[in-house]
Amino acid sequence: MQIYLPIAEMSVNVFLILGLGGGVGFMSGLFGVGGGFLMTPLLIFLGIPPAVSVGTEAAQIVASSVSGVLAHWRRGNVDIKMGLILTAGGFVGSFGGVELFKWLRSQGQVDLVIALCYVVFLGIVGGLMFVESVQSLVKSKRAAESGGDRKKLHQHTWIHGLPFKVRFRRSKLYISAILPLGLGVLVGVLAAIMGVGGGFIMVPAMIYLLGMPTSVVVGTSLFQIIFVTANSTFLHATRNFTVDIVLALLLLLGGVVGAQVGAKMSVRLKGEQLRVLLAAIVLAVCVKLGVDLISTPAEMFTLGAGGKH
Amino acid sequence: MRMLVVLFLAVAAVIPAAARAADPLVADLSKHLVAITTGFAGTDVLLFGAVDGEGEVVVVVRGPSKPEIVRRKDRQAGIWINSGSAQVEAAPSFYRVASTRPLAEIAPQAVLDRHQIGLDHLDLSIETHDSGADTATYRDALVRLKQKKGLYGEKVERIGFMSHRLFRTELHFPANVPVGTYLVEVYLMQDGDVVSAQTTPLVISKIGIGADVFDFAHQQAAAYGLIAIALAAAAGWLAAVAFKK
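Per chain, the residues get numbers from 1 upward, laid out in the order the sequence is written. Just so you know, chain letters begin at A and ligand numbers begin at 1, following the order they were written in. It should be noted that, the model being predicted, local features are given only for residues of pLDDT at least 70 and side-chain atom pairs only at 80 or more, the latter also being counted only at that level, while totals for whole chains, interfaces and linings use all residues.

Focus on the interface of chain A and chain B
Counting residues at the interface gives 47 residues for chain A, matched by 47 residues for chain B. Numbering of helices and strands starts at the N terminus; helices are DSSP runs of H or I of at least 4 residues and strands are runs of E of at least 2. Taken together, the elements giving at least two residues each to the side of chain A that touches chain B come down to β1 (2-5), β2 (10-13), α3 (50-74), α8 (214-240), α9 (245-268), α10 (271-294) and β5 (301-305) of chain A. Broken down by element, the side of chain A that touches chain B gets its largest block of residues, ten residues, from α3 of chain A. Ten residues, namely Ala, Val, Leu, Ile, Met, Phe, Trp, Tyr, Cys and Pro, are considered nonpolar, four, namely Asp, Glu, Lys and Arg, are considered charged, and the remaining ones, Gly among them, are considered polar. By residue class, the composition of the side of chain A that touches chain B is 31 nonpolar, 15 polar and one charged. Distance between backbone-placed C-beta atoms decides contact: two residues are in contact if it is within 7 Å.

A few points about the domain arrangement of chain B
Residues and elements named next belong to chain B. Reported domain spans reflect what an automatic or database domain assignment gives. Per the domain assignment, the segments making up chain B are domain 1 (2-206) and domain 2 (208-245). In this structure, domain 1 and domain 2 have C-alpha centres spaced 39 Å apart. Counting from both sides, the interface comprises four residues of domain 1 and, opposite them, five residues of domain 2. Looking at the side of domain 1 that touches domain 2, its residues break down into one nonpolar, two polar and one charged.

Here we look at the nonpolar core
With 144 residues, the main nonpolar core has Val62 and Ala248 of chain A together with Val58, Val59, Ala228 and Ala232 of chain B as its most contacted residues. Taken domain by domain, this core gets at least three of its residues from each of domain 1 (2-206) and domain 2 (208-245) of chain B. One finds Phe301 of chain A together with Ala86, Ala133 and Ala141 of chain B within the second-largest nonpolar core, a separate group that totals nine residues. Nonpolar core, as used here: buried Ala, Val, Leu, Ile, Met, Phe, Trp, Tyr and Cys residues forming one set through C-beta atoms within 7 Å. Here a residue counts as buried when 20 or more other C-beta atoms fall within 10 Å of its C-beta, as exposed when 12 or fewer do, and as partly exposed in between; the C-beta atoms come from the backbone.

Concerning the sheet that holds strand β9 (residues 157-158) of chain B
Residues and elements named next belong to chain B. Read across the open sheet, the six strands follow the order β2-β13-β12-β4-β7-β9; overall the sheet is mixed. Edge positions in the open sheet fall to β2 (33-36) and β9, since each of these has one partner strand only. Two strands pair under a simple rule: DSSP has to find at least two bridges between them. As defined by bridge partners, strand β4 (residues 56-62) adjoins strand β7 (residues 95-99) across five bridges and the pair is classed as antiparallel. Its bridge partner being in β7, arginine 62 is matched across the sheet by tyrosine 95.

Examining unusual backbone geometry
Excluding glycine, residues mostly have negative phi values, and the peptide bonds linking residues are mostly trans. The phi torsion at glutamate 9 of chain A lies on the positive side, around 60°, for a residue other than glycine. For glutamate 9 of chain A, the location among the structural elements is in the loop between β1 and β2. Residue aspartate 191 of chain B is not a glycine yet carries a positive backbone phi of 50°. The residue aspartate 191 of chain B is located in the loop between β12 (180-190) and β13 (193-206) in this model. Given 9 C-beta atoms within 10 Å, aspartate 191 of chain B falls into the exposed group.

Here we look at α3 of chain A
Residues and elements named next belong to chain A. Multiplying one less than the number of residues by 1.5 Å gives the expected span of a helix. Over its 25 residues, α3 extends 36 Å from the first C-alpha to the last, a length consistent with the 36 Å expected when each residue adds 1.5 Å. For α3, a buried count of 22 out of 25 residues is recorded, marking the element as mostly surrounded by other parts of the structure. Two residues or fewer past α3, glycine 76 is found with a positive phi of approximately 70°.

Points about the pairing of β13 of chain B
Residues and elements named next belong to chain B. Where β2 and β13 come together, four bridges link them in parallel fashion. Paired with valine 34 across the two strands is isoleucine 204, which belongs to β13. One ladder, built from eleven bridges, connects β12 with β13; its direction is antiparallel. Its bridge partner being in β13, valine 184 is matched across the sheet by threonine 200. If you look at the hairpin formed by β12 and β13, you'll find two residues sitting between the two strands, and aspartate 191 has a positive phi there, around 50°.

Overview of the pairing of strand β4 (residues 173-176) of chain A
All names here are of chain A. Sheet topology places strand β3 (residues 165-168) next to β4; four bridges connect them, and they run antiparallel. Residue pairing in the sheet places lysine 165 in a bridge with serine 176 of β4. Counted between consecutive antiparallel strands, the loop separating β3 from β4 contains four residues, among which lysine 172 sits at a positive phi close to 55°.

Thoughts on the sheet that holds strand β10 (residues 160-162) of chain B
Strand pairing within a sheet occurs via backbone hydrogen bonds; the two strands may be parallel or antiparallel. All names here are of chain B. Within the open sheet, the four strands sit side by side as β1-β3-β11-β10. Their pairing is antiparallel. The open sheet is flanked by β1 (25-29) and β10, the only strands paired with a single partner. Shown here is a sheet whose adjacent strand axes are inclined to one another by a mean of 20°, direction ignored. Where strand β3 (residues 43-51) lies against strand β11 (residues 166-173), eight bridges are found, and the strand directions are antiparallel. Across the sheet, residue leucine 47 finds its bridge partner in β11, namely threonine 169. With axes taken as lines fitted to C-alpha atoms, and helix axes fitted only over the stretch in contact, angles between N-to-C directions fall between 0 and 180 degrees.

So, the packing of helix α4 (residues 80-107) of chain A against α8 of chain A
All names here are of chain A. Two elements in contact, α4 and α8, have axes separated by 9 Å at closest approach and are oriented at 25°. Here α4 is positioned roughly parallel relative to α8, judged by the angle of their axes. Judged by the twist between their axes, the crossing of α4 over α8 is right-handed. Counted together, Met82, Gly83, Leu86, Thr87, Gly90, Phe91, Ser94 and Val98 of α4 and Thr220, Phe223, Gln224, Phe227, Val228, Asn231, Ser232, Leu235 and Arg239 of α8 form the full contact between these two elements. Oblique is the label for every angle not falling under 35 degrees (roughly parallel), over 145 degrees (roughly antiparallel), or within 65 to 115 degrees (roughly perpendicular). Should the near helix be turned anticlockwise from the far one by less than a right angle, the crossing is termed left-handed; should it be turned clockwise, right-handed.

So, the confidence of the model for chain B
All names here are of chain B. What pLDDT expresses is the predictor's confidence in each residue, scored from 0 to 100. Across chain B, the average pLDDT comes to 87, with 90% of residues at 70 or higher. Highest mean pLDDT in chain B belongs to β7 (95); lowest belongs to helix α1 (residues 2-21) (52). Low pLDDT, under 50, characterises residues 16-21; the stretch is placed with eight contacts to residues that sit more than four places away or in other chains. Across the whole predicted complex the pTM is 0.74, and at the interface the ipTM reaches 0.80.

What follows is the structure, encoded as structure tokens:
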């Protein structure tokens with residue numbers, strides 16, 4: 001069954017889009033990532049114009065994040081104070097990111113920068129997560145055998161010497177507010193350029209950089225993604241006219257259902273297992289995009305609309 | 001569809017007599033408005049007409065012209081980067097040709113050039129900013145990319161003649177057809193030159209909910225953005241509540 005998308009100005013198969021939303025939504029609920037890093041490339045691959053893919057995906061991430069965060073909220077796994085500071089940074093970052101996106105588009109290099117960002121960040125994040133989670137899987141096995149002893153919550157480094165310290169009760173942390181604020185800005189910029197929620201960077205950064213416990217990381221990440229992607233949805237709708245509400249509704253119809261199933265599944269899996277799985281997916285996307293950059297393209301030429309932008 | 005057939009037969013009966021008196025070429029479309037609705041997945045428009053006397057018929061469909069940028073990738077430091085570009089001042093957004101015989105057999109190059117009949121005869125003003133490829137390469141790339149999108153015809157399509165007087169052809173418009181006012185040009189060729197021509201406008205426009213959404217998104221962008229966010233948040237919340245148990 002075909003449906004015409006009014007903003008993308010093309011027709012797509014309804015069930016294909018529903019299935020895509022469902023599959024990516026499932027991962028969103030399972031890992032606490034927005035799913036944008038999978039969805040945006042897939043939409044572009046289907047022939048949706050990149051600008052519309054990015055704008056529409058922002059709206060869809062709002063829906064799947066709201067849906068996902070409620071499940072975590074009920075279990076008390078959202079650190080609101082931390083989430084709000086991250087959001088404040090995210091707002092600043094997404095405004096800057098949209099300006100950068102516009103400039104890159106006028107230079108004709110936005111596709112390259114997007115692909116490079118994906119390869120670099122997915123590679124670093126995926127690689128670190130994979131190594132670390134495999135190590136901790138091995139460790140927890142050994143600890144179970146020997147009985148194990150109480151260890152420190154996290155290591156203390158120069159990061160803990162920064163000023164403006166704030167106590168985050170939920171996260172059992174006492175750290176400088178500059179850290180989550182800066183992280184919010186950085187992820188906000190990247191989210192706007194890459195057309196993602198930024199969860200795949202935010203989640204590991206919260207665990208390894210801020211030292212937050214894994215249990216609150218997913219809920220808090222989803223919490224801040226809602227506000228940052230709502231902001232970028234608004235920016236894309238008003239500045240670029242690239243939010244396709246019909247496409248967004250189809251994606252989120254599949255997405256919200258998938259996210260619920262994913263959130264239920266995540267309770268059953270162990271933190272380390274989740275991280276190994278997410279790391280494997282992140283690395284797979286990274287390798288695919290990296291190969292595309294290096295291998296000789298079948299078509300050397302691309303068409304971009306002239307005149308505007 | 002039956003109405004079309006009746007219409008076609010009626011025109012077939014009337015036109016030869018009328019055409020002899022006034023014009024050696026008469027043609028019309030089965031519809032002058034293509035409405036892009038929510039279920040739009042491409043459409044066919046029937047072009048039919050009659051000629052008086054000998055000759056070949058050529059039909060050219062042109063969409064509104066728009067500027068285009070074509071970019072060329074080149075390998076730099078191991079990765080493929082957009083390295084050169086060309087600006088096309090005005091390229092038809094849609095272009096298709098149909099003919100009763102191959103174009104080369106109907107008219108000489110100069111005539112085809114003058115009327116811009118056929119992809120090779122399109123007058124495209126291209127300004128290249130690239131030392132690695134020339135204008136001709138960019139021209140080929142533009143045509144190839146447009147063909148891949150189904151907006152330029154892959155080949156000259158056939159027009160069928162009935163009893164040497166009547167002709168008809170189906171003009172296909174794919175789902176991604178750009179909106180605007182199209183021109184359907186019908187030429188009657190004799191001895192390698194145009195003896196008669198007729199231009200019929202065809203409007204392709206968005207109609208219904210899709211059109212309303214498009215207009216709203218452009219005219220009330222802020223409200224549209226807020227509604228999109230509210231809809232998304234509501235859908236997410238609804239799903240979470242529905243799946244609570």
